[in-house]
Structures are given as C-alpha cells and as structure tokens.
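Residues per chain are reported as follows:
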Amino acid sequence: MPLPELPPLTLSDLVALPAEGLVVATVNNRLARRLAGELARRLAPGNTVAVLPDVLPLSAWLEAQLETAAFLPDESLPAQRLDDFAARLVWTDVIRAAEAERPLLDERRLAALAQEADALAGEWRLRLEQPDTTEETERFLHWRRAYRKQLRKLDADDAPQRAEQVLALIDAGKLALPQRLVLAGFRDTSPRQDELIAALQRQGVALAWLDDLPPDDFLPQPQRHLAADLQTEWRDAAAWAAERLAAAPTGRFAILAPQLEGAAPFARRVLLHALGDVAQFNVSVARPLAEWPVARAALAWLAVLAARAPYRPADLGAALLAGHCVGDVAEAGERARLDARWRLRGVLSLSQSDWLRELFSCPRLSNAWGAAQAALGGRAVRCDTWAQRFAAALTALGFPGDRGLDSAAYQVIDAFSALLARFAALAAPAGTLDAAAAVQLLARLAQDTPFQPERAQSARLDVLGLLEAEGGRWDGIWLLGLSDDVLPAPARPNPLLPLSALKQAGAPRATPERELDYARALFAALVQCAPTVIVSHAERDGERELRPSPLIASLPEADWRPMPATAAPAIALALLDDPAGPPLSERDHVAGGTQILEAQAKNPLWAFVRYRLGAQQLPAHAEQIAAPVRGRFLHCAMELAWRDLADQAGLLAARDGGDLEERIVQAVTQAAAQTLGELPSAIRTLEAERAVRVLADWLALEATRAPFAIAELEAPHNWRHGPLSLKLRLDRLDTLADGGQVIVDYKTGNALDTSGWARERPINLQLPLYAAVLGQSVDGLLLARLNAREVAAKGLAAADIGVPGVHTPDQLNDNDPLAGMGWSDILARWRGAIESLADEFAAGRAPNVTLVPADLDYCDVLPFLRVALDREDDA
C-alpha cells in the first residue's frame, strides 16, 4: 500500500533534534545498525561523548512497548509469549488433532502455511468470510479457531496477537510513547501499520519518514553485464571486486545475489581464488545452528545420552567423531577407532554392556559417561526442566572439550546457550516429554535457528542477499543473477487463503502484478546503495536459456570487462610420469588374499594404495546385516551341513530318509551361534529362516549332479610368488567319479560373473587362482549362488559335470577368448596372467589405469584415484 502522508526528515534534520524522546524505527536490523553508526559519527566526531536516540527495528520497538505493558496495574496480559517456533508447535498439534481421521503427509509444512496465513490475514486485514471462500480456507478457519482456543488454554499469545495488543494499548493511551517517531526504510505499509501510524498520531506522537536518499549529486547509472553462464557470472563479479578493492584501499563494496544461500559454497571458493584472503570478504549466509560443529557435537551427545539400549552404532559414532567432550584431544584416535571397528564389522546394534565395555578404551570419557547419563535421567518432564538437565549432562561430559576454540566456535557456544533458553520457553506448548522426544525437539529448534558469526572487521567486501542489502551504503555494488524468473519472482499466494482476498488487499506474493511492483521498488532502492552499480545475468543455466529481468533489459552495456588472462612467458616444464612405487625387496613380505591381485588387475594404483600404503575408505554404518556377515554365516552353515552329510551319497540318503531338513536346521542353528552373535535376536531368527530355505534349495540342486565326494572343506592353502604371499581358503573341493576335482566357491550376492576370467588381465580370479595353486588335477570351477531369490551355478569345466550353468570350453560363445581352448591351455593362461599381476605388484607398478569403469564400483580408495575429478572435467 502507498506510504501514509508524513513529513520527511533528512539525516541532518535528525542530528539536529534532541535525542531524548526520539525513536528511529527501521525496517530491518541492518538499516538500524547503519543509521546508528552514522548518527554516532555525526553526533560524536572523534570519539567524543554524545547521547544517541534509540535506533531499532519497528518490530523490536513494538515488543519493547509490550514489555512495559506488563507493569500496568489494570492490564492482564498472557503469561506465555510464544515465538514463531513455539507457535508452530501449537499449530501442528491443533492440525493433527483436527485431521485425525485423515492423516496428513506433512503436518509441519501445513502448520507453517497455516501460521503464515494467520499472520497475513491479520497484517493485511483480509476478509475471509466471503462467498468465494475455498474448502482449504474453511479448513484453515476451523484450525485457527482451535488454535486460538488452545492459546487461551495455555494463557499464551503469539506474534500476530502481540501486534494487536500493542495497537490496542497505544490507541487506548496506556503506553508511555516517545515525543517523536521517525520511520526509516519503508517502501510500503500494511493496513495494520497504517492503523498503528494513525493511533500514534492520535496520541500526539510526531511522526516522520526518514528521507535517507543520497545527495543530489549522487546519480548512479546502472550498467548491465552479460555472462555466459552462472559460474562465469560469479567469477566476473569476483574479478570486479578484486579490482575495485585494489584500486580503493579504504573503499567498501558489495556483491548482491538474489539466491545466495544455494550459491554460497561456490561463491566462497571463487572469491577466495580472486582475493586470496578470506578475511577480505564476508558472505552473509546464515546456516542452521545445528550444522555448526560445536552445536552438532552437543546434539549428538545428547541424542546418545537420551537413547536406550540397544544403541545404533551410527548414533554413537556421530558423537564419538564429533568430540568436544572430556578427553577431546587425548582420546580422539581411540574414539575414531571405535567407530571404524563398528563400520568394518557391520555391527547393527550394541547393548548397554557392549557399549560400556567398548568405552573402556577411552578411560576419561568412560569415567564421565555415568555422571552425564545420570544428569539426563529421570521421568518425563517439561522443556524448562530438560534445559537444565541438558546443560548438566553436557557439563558432566566435559563439553565443549579441551581443544582450542576460535572466535566462531565461542559464538556458537553462546548461541547454543541461548538456544537452551528458548527451548525452556517451550514448556507450555510442548508439554511433558521423555528424554528422546526432548532431544529431538531441541534438534528441530537448532535446525530452525539460523546462525552466522560476526562479520570480520577487516572485510571490505560484503556478499549478501537483496533484502539484506536494502538500506546499505557502499562505494560500488554488483547485482548478479537478475534473470526474468528471479526479479520479479513468481507469485506464490498462500494456498489456505482465497486469492481474491489476497489480491484485493494487495498482499505480498499474491499476484504477478504485486510482485512486479515490489521488484521495481526493491530494484530502485538497491541502485541507490552505491554510486557505481553493475547488474548482470547469465545467458544459460546448464541447458536452460535465461533472459534478463525486464527491469534491466534496457540498461546500457557495462564499460567494465574482465581482464584477459595474461599469457605468462613459456617455461620449459619437466614432465615426470612415474607410475611406479618402490619395488618390494627380497626381505619384504606382503601377505593377504586374492583381493591384492584383483585390485592389481582392475587398477594398479588401487592395489598400491590399499595394500602397500594401507589406506582404505571406511564403509558406512550398517543399517541391515552386512553382506560379509551374511556371507560368513552361509559359508559356515554350508560347511557344517557337508561335514554332516560327507558326500552326495549322504545327501541322497538324508533326503530319502526324511531327516534332511532337520539336519539343515541343525547346521544353520550352529552356524548362527558362531557367526551372528552380535546381531539382535530378531535379525538372527530371520537370517536363520532364510538360510534354511537357501540351503534346502541348493542341496536339492546338488542332488541332481553326477556323483561326487567331498575332498576338502574350508581348507587353507598358501601361494607364494616372490615377496607376495597369499592365504587362500577353498570353500569346497569335490572329487568326481573319474578322479577329477572341481573347486566350489559360494557367492551370496545377486549375480554370478565369470566373464572376467577371459580378460587378458583376469578379474573375479579367485577360482582361477585356486586352480593355479592346485595344478593339473583341477577339472572344473563352479560358482554357487546362495541367494533367497534363486540358487544357481555358473562355471567352467574340462568336461560336462552335470550342473546347469557350468560349461565346457567348446560350449562357450565364439566371442569368448577361451572358447575352444584346451583345458590345460586355459589353466596355463590363467597361471601366466596371475604370475604377471604378482610380478607387477612386487615391482611397485601402479599406473592409475582402469579399462572398465564398472571395475571401480566397489573400490575403497576412490579419493586417491581422483575418479570424481576426472568425471567433473569430462562434464
């Protein structure tokens, strides 16, 4: 709405007025800080003493007025003052209760929309009782009645109601008001603000608008800059800022971006590259308090202290790695080892005794744990009591630790203390909570609370959003990202309110016309922030073509151009391509399994990093039974079953005698006791039931084979080649009726793959290596898939062994390099390839070469191979 008619005042006029009885109410905090600084500079030059008027945002002034009303003898104000987060809790409870018969997908999102609708309806005096009211509006009105009833029950109010209370108190003449109120930075006013202005005038307050426009000779001429894409636009803005900062050693500049939050990480990287010093710029983007390391550590520790056994290793690991506890530095390594051990072992949960036993390796933390847990113990209580318990528990745990903290960390600790105070104020709306629910609510509050450390005093370049920049003053600004889908922004009317009422009131975000008017006013205000203004937009965002905002389309082209890259004089470069590490000597000894040669075949650098340097990427915490754990279990069950059955004849006899199933169950039960002891009992039961079905299906397939006997079960073998020593364990070795031998290897995954056997550098070479170790007596290799979805076999044999999926060389596809080869020739080919890979590894050969990208799907040293960077370069 247009601004009410009030007399204008300049800053010079403001300086001339007496400070007593004068209040300057601004539209936002940034403008309040700037005006206060400017008044101080003019009233107290040279650090002299002067009395300043109150300069604060209008919302803060109204809250202060309501504070004074609490001392009025004849006024009865609500006992609880809810902030936006607390009010949203009440909205959520009310909507959940009202919609109990038709559960909603996202109650919190709907509560936020209802809260916004209620604020809009009050601020803009929307008429909601009209013929074109929608069903959504009817539901909202029903919720609002229930919401206000709940506020009365809680003896509480929220921000919209407090605004109405202040307005009523001013109109009734019950508040001590200033003699003069100057409003600064307002481009339009809402109906409620108009009523406030009228009420103040009726009470004799002299009101005026602050005419904060630059002097008459301040005539910015915005110029338009076109960039090829969004990344180039940021680089150009950073280059411009670097030039201006260098040319004006005392100047202050700004880069303004409408969508800064999403671009902030890239912006910091580009600015650091252009300016060379992070202290020269300040990116004004607040992250949720929960994401700052110190606060994240506090929340992680509270979560595990409040949890009940069995504990999730992921939760315990998050707290251990976050630190900021007793023994923060001294026991950091052991805390990390605990987390790594759970990841590598695929631990699903830890009992109370397991956790305390593991914690003995961190004696200082172990000693503090009991006191911290006791501080958080007790029955369910309200948030004010929980806030005290949280503080006591963290103190007992040694928070924030003994490491050195920088300025930002100290500010985060202060912010977290303030967060606990806000949390205590949720006592009425949140009600009684148990420990876990209280911690979850605190985490939500921390996620909802933005935090940004104080601006570095040395920073002369501000990077901030458009709204934050309004009212600022700089020597030059660059407005980027001004495409036609950003300014004006698309209309987004609140779906709970009728569009006709929003449009009639001229409410924000209601219509394209309203957004266009808003964008024009905002742009006009921003270009007054500096004498030099460059506006820019990109031509493309990926594959999407962009057009300039209509507000800048007709502006003249900017004189500024990025400096061309200076061609440095050519320097003779010495190129050293050294794909080899130090070879193993005769005295060296490297032991391991077939994974060493597997990695050497897929990518030699992988093998070097993993098995020579000992580096390994940690797996994620197990959310279900880990594949290696299930593999060990099924291997053990198969071994026990065959030790009992002895051979195929024993299998057939057990089947025909009717006790095969019982013997399978016995083997599975014994294997579960040996290998699944760390799993919860429910998971062990499910895995055992699954294993019984898998073993029964596989043994049914084996019963149809040509006769065989078991020669070895889980037999260890060693293969030595130079300094490389591999420990092998054959799952099973069968002897056929003609004396030939077949190696059987169990696989518990979803697929069997023998295609890698035919490569020049063979992969999946466990069975080919076994064949090379055992020599000419091996007549077949059989992969057995033990999976609940399907049991199957795949492999290669000198002659038909009667198992579907196991082929002879003559049965292979003509495109297979092994097709038609003699069996002894295949074995010799594998032996030569395997020895060659072993020689490579021993020689230290480690080029970063991968023939098939899929070979790295399960690579555990990917950061060393820099595959992600190569893919980015290709893109």
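In case you missed it, the structure is sitting above this.
So, here is what we can say about the structure in this document. The shown structure was predicted, so the numbers you read here are calculated from the model rather than taken from an experiment.

A separate point is the overall build of the protein. The number of helices and strands found in the protein is 32 helices and 23 strands. Along the first, second and third principal axes, the C-alpha set of the protein runs to 115 × 75 × 60 Å. Across the 875 residues that make up the protein, the buried fraction comes to 47%. Here the contacts in the protein between residues at least 6 apart in sequence split such that 76% fall between residues at least 24 apart. Accessible surface for the protein amounts to roughly 42900 Å². Of this, 53% is attributable to carbon and sulfur atoms. Positive and negative side-chain charges in the protein, numbering 89 and 115 respectively, have mean positions lying 3 Å apart.

This next bit is on the packing of aromatic side chains. Applying the stated criterion across every chain yields a total of 16 aromatic pairs. Note on Tyr311 and Trp355: the rings are 6.4 Å apart at their centroids and 65° apart in plane angle, and the pair reads as edge-to-face. With Tyr311 in the loop between helix H11 (293-306) and helix H12 (313-322) and Trp355 in helix H14 (residues 352-359), this residue pair connects regions lying 44 residues apart in the sequence. Exposure remark for Tyr311: the relative accessible area of 3% places this residue in the buried category. Judged by its relative accessible area of 0%, Trp355 is buried. Look at Trp478 and Trp560: their rings are 5.4 Å apart centre to centre, the planes differ by 90°, and that puts the pair in the edge-to-face class.

Omega for the bond connecting Ala309 with Pro310 falls within 30 degrees of zero, at 5°, which places this linkage in the cis form. Turning to its location among the elements, Pro310 is positioned in the loop between H11 and H12. Put simply, Leu487 and Pro488 share a cis peptide bond, and its omega is 5°. Within the secondary structure, Pro488 sits in the loop between strand E14 (476-479) and helix H21 (499-505).

With that settled, the discussion passes to the sheet that holds strand E6 (residues 180-184). Think of a sheet as strands paired side by side through backbone hydrogen bonds, with each pair either parallel or antiparallel. Spatial strand order, E1-E7-E6-E2-E3: five strands in an open sheet with parallel pairing. What marks the edges here is a single partner per strand, and that holds for strand E1 (8-9) and strand E3 (54-57). Direction of pairing for strand E2 (residues 22-26) relative to E3: parallel, over a ladder of four bridges. Paired with Thr26 across the strands is Pro57, a residue of E3. Packing of helix H3 (residues 58-69) onto the sheet brings it into contact with E2, E3 and E6, and relative to E3 it is tilted by some 105°. Along the sheet, helix H8 (residues 191-202) contacts E6 and strand E7 (206-210); its crossing angle with E7, the most-contacted strand, is approximately 135°.

At a closest axis distance of 9 Å, the pairing of helix H9 (residues 230-247) and helix H10 (residues 260-275) adopts a crossing angle of 45°. By the angle between their axes, H9 is oblique relative to H10. Considering only the axes of H9 and H10, their crossing is right-handed. Contacts from Gln231, Trp234, Arg235, Ala238, Ala241, Ala242 and Leu245 in H9 reach Leu260, Ala263, Phe266, Ala267, Val270, Leu271, Ala274 and Leu275 in H10.

Here is what the cut-offs are and how they apply
- Residues numbered from 1 in each chain as written.
- Predicted model: local features only at pLDDT ≥ 70, side-chain atom pairs only at ≥ 80, totals over all residues.
- Heavy atoms only, no water.
- Helix = DSSP H or I, 4+ residues; strand = E, 2+ residues; numbered from the N terminus.
- Buried < 20%, exposed > 50% of the residue type's maximum accessible area, 1.4 Å probe, protein only.
- Contact = heavy atoms within 4.5 Å.
- Areas by Shrake-Rupley, 256 points an atom, 1.4 Å probe, with all protein chains shown as cover.
- Lys, Arg positive; Asp, Glu negative; His and termini not counted.
- Charge placed at Lys NZ, Arg CZ, Asp CG, Glu CD.
- Phe/Tyr/Trp six-rings, centres within 6.5 Å; stacked < 30°, edge-to-face > 60°.
- Pairing = 2+ DSSP bridges.
- Axes fitted to C-alpha atoms, helices over the stretch in contact; angles between N-to-C directions.
- Parallel < 35°, antiparallel > 145°, perpendicular 65-115°, else oblique.
- Left-handed = near helix turned anticlockwise from the far one by under 90°.

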